[in-house]
Amino acid sequence: MTDLRSHAVEIAEQFSDHLDVSADEVEERLESLVSEYRVPVDEARRSVVNSYLDEAGIERDELGGGGAGGNEQTLLNDIDEDEQWVDVRAKVVELWEPRSEAIAQVGLLGDESGRMKFVSFTTSELPELEEGVSYALGNVVTDEYQGNFSVKLNRTTSIAELDEEIEVGDDSTTVEGALVDMQSGSGLIKRCPKEDCTRVLQNGRCSEHGNVEGEFDLRIKAVVDDGTEVHEVIFNREMTEAQTGIELDEAKQMAMDALDTTIVEEEMRGDLVGFYYRVTGPTLGRYVLANEVERLSEPADAEELLIKARSM
Ligand SMILES: [Zn+2]
């Protein structure tokens, strides 16, 4: 079976309860997108699935299953399955510039559980959502792409503005374990002073602005081992000062006396490595940004922990 054929069979199967659609028909639509329009197979699949979802949504509507009711009221953070019909109550946290004419609106929705991307399509002809306003959204469809979930508004989505404002949670996570290592770029660092830049300088250079007069800052890039996996955690200046007892002025003085900034990192290493911590904060890419840090215990055997962490 060709790749397209197997996608077509899968899609036809997926919609068999909702639509009268044959694998041949699906394959023809995929084929046309892939060979005539040069759309990558993955995208062609998504596009075809979306259009069937839209059609299936209309049928649901006619059967009386659609609208704001009918689906489970779901928290954004609980969405963990692709292509499900759900109802959400969420605030429009941010609107982004759509990159394609097919997209009417794209941005971030938020509710108490966290945030999630949403998309609405031009063909769905929906009323526009406003930033900062909270809505009850009925009949949205979940989507998964490379492990990231989003929701799609479609022709059958109902939109009702809420009187109350939805509190938006921050997706924060908690990591508990031994701080087994500190990465380079920890301790006393210099940041680019240009507005909105704040990149960390490497040998006095900002990757965006070149050689600049940097501003001193403190931070720690810590490696925390929870026993199963290791997490990279960033302590900002405030957290670094609180956990090491070394304030920025003192760190600058230490570096000046030693004519070497790495002495600060070495000193902090001794204060932190080998202790157990509970760290809570939002995630940014692979990092956890420490908003709350609690030291849990006496030092573990750092040497042993390090060996364990490196062998993972
Ligand atoms: Zn810069």
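Further up the page is the structure itself.
Residues numbered from 1 in each chain as written. Predicted model: local features only at pLDDT ≥ 70, side-chain atom pairs only at ≥ 80, totals over all residues. Heavy atoms only, no water.

A. Region of interest: the layout of surface pockets. A volume near 1300 Å³ is recorded for the largest pocket. Around the largest pocket sit 46 residues that line it, and R46, V119, F121, D143 and K152 are the ones nearest its centre. Of all the elements in the fold, those that place two or more residues in the lining of the largest pocket are α3 (41-62), β2 (103-111), β3 (114-121), β4 (134-145) and β5 (148-153). Within the lining of the largest pocket, the residues separate by chemical class into 20 nonpolar, twelve polar and 14 charged. (1 Å grid on protein atoms, 1.4 Å probe; cavity = no way out; pocket = protein on both sides within 12 Å on 5 of 7 lines; lining within 4 Å. Points joined across faces, edges and corners; volume = space filled by probe spheres on them. Helix = DSSP H or I, 4+ residues; strand = E, 2+ residues; numbered from the N terminus. Nonpolar A, V, L, I, M, F, W, Y, C, P; charged D, E, K, R; others polar.)

B. A look at helix α5 (residues 248-258). For α5, the full list of buried residues reads L248, A251, M254 and A255. The buried residues of α5 occupy one face: seen down the axis, they fall within an arc of 120°. In α5, the exposed residues that point more than 90 degrees away from the buried face are D249, M256 and D257. Against β8 (187-191), β11 (215-225), α4 (237-244) and α6 (262-272) lie the buried residues of α5. L259 occupies a position one or two residues after α5 and carries a positive phi of about 55°. (Buried < 20%, exposed > 50% of the residue type's maximum accessible area, 1.4 Å probe, protein only. Arc of directions from axis to C-beta. Contact = heavy atoms within 4.5 Å.)

C. How the structure looks around the pattern of salt bridges. A full pass over the atoms with the stated rule returns 16 salt bridges. For the salt bridge of K152 with D143, the shortest nitrogen-to-oxygen distance reads 3.5 Å. As far as burial versus exposure is concerned, K152 and D143 are alike and both buried. The partner of R269 in a salt bridge is E265, and the shortest N-O contact between them spans 3.7 Å. Remark: E265 and R269 occur in helix α6; sequence separation between them is four residues, near one turn of the helix. Take R269: its relative accessible area is 23%, and that puts it in the partly exposed class. The structure contains a network of salt bridges with shared partners spanning D181, E265, E266 and R269. (Salt bridge = Lys/Arg side-chain N within 4 Å of Asp/Glu carboxyl O.)

D. Structural detail: the coordination of the zinc ion. All of the protein donors around the zinc ion are C192 (SG), C197 (SG), C206 (SG) and H209 (ND1); their distances to the metal are 2.1 to 2.3 Å. Each of the four donor atoms bound to the zinc ion contributes to angles spanning 106 to 116°, and the resulting shape is tetrahedral. Mapped onto the sequence, the residues coordinating the zinc ion show the spacing C-x4-C-x8-C-x2-H. Here the residue C197 occupies a position in the loop between β8 and β9 (205-206), and H209 occupies one in the loop between β9 and β10 (210-211), the gap between them amounting to twelve residues. (Donors = N, O, S within 2.8 Å, 3.2 Å for Na, K, Ca; no water. Tetrahedral: all angles 85-135°; square planar, octahedral: opposite > 155°, others 65-115°.)

E. Spotlight on the environment of D163. Along the chain, the position of D163 falls in the loop between β6 (158-161) and β7 (173-182). D163 sits in the exposed class, given a relative accessible area of 86%. C-alpha separation for the pair D163 and Y135, spaced 28 residues apart in sequence, amounts to 8.7 Å.

F. Quick peek at the nonpolar core. Counting 26 residues, the largest nonpolar core has L179, V233, F235, V264 and V279 as the members making the most contacts within it. At the level of secondary structure, the elements contributing two or more residues to this core comprise β7, β11, β12 (230-235), α5, α6 and β13 (276-281). L19, V21, V26 and A56 belong to the second-largest nonpolar core, a separate cluster that totals 19 residues. (Core = buried A, V, L, I, M, F, W, Y, C linked by side-chain atoms within 4.5 Å.)

So yeah, pure geometry; function would need other evidence.
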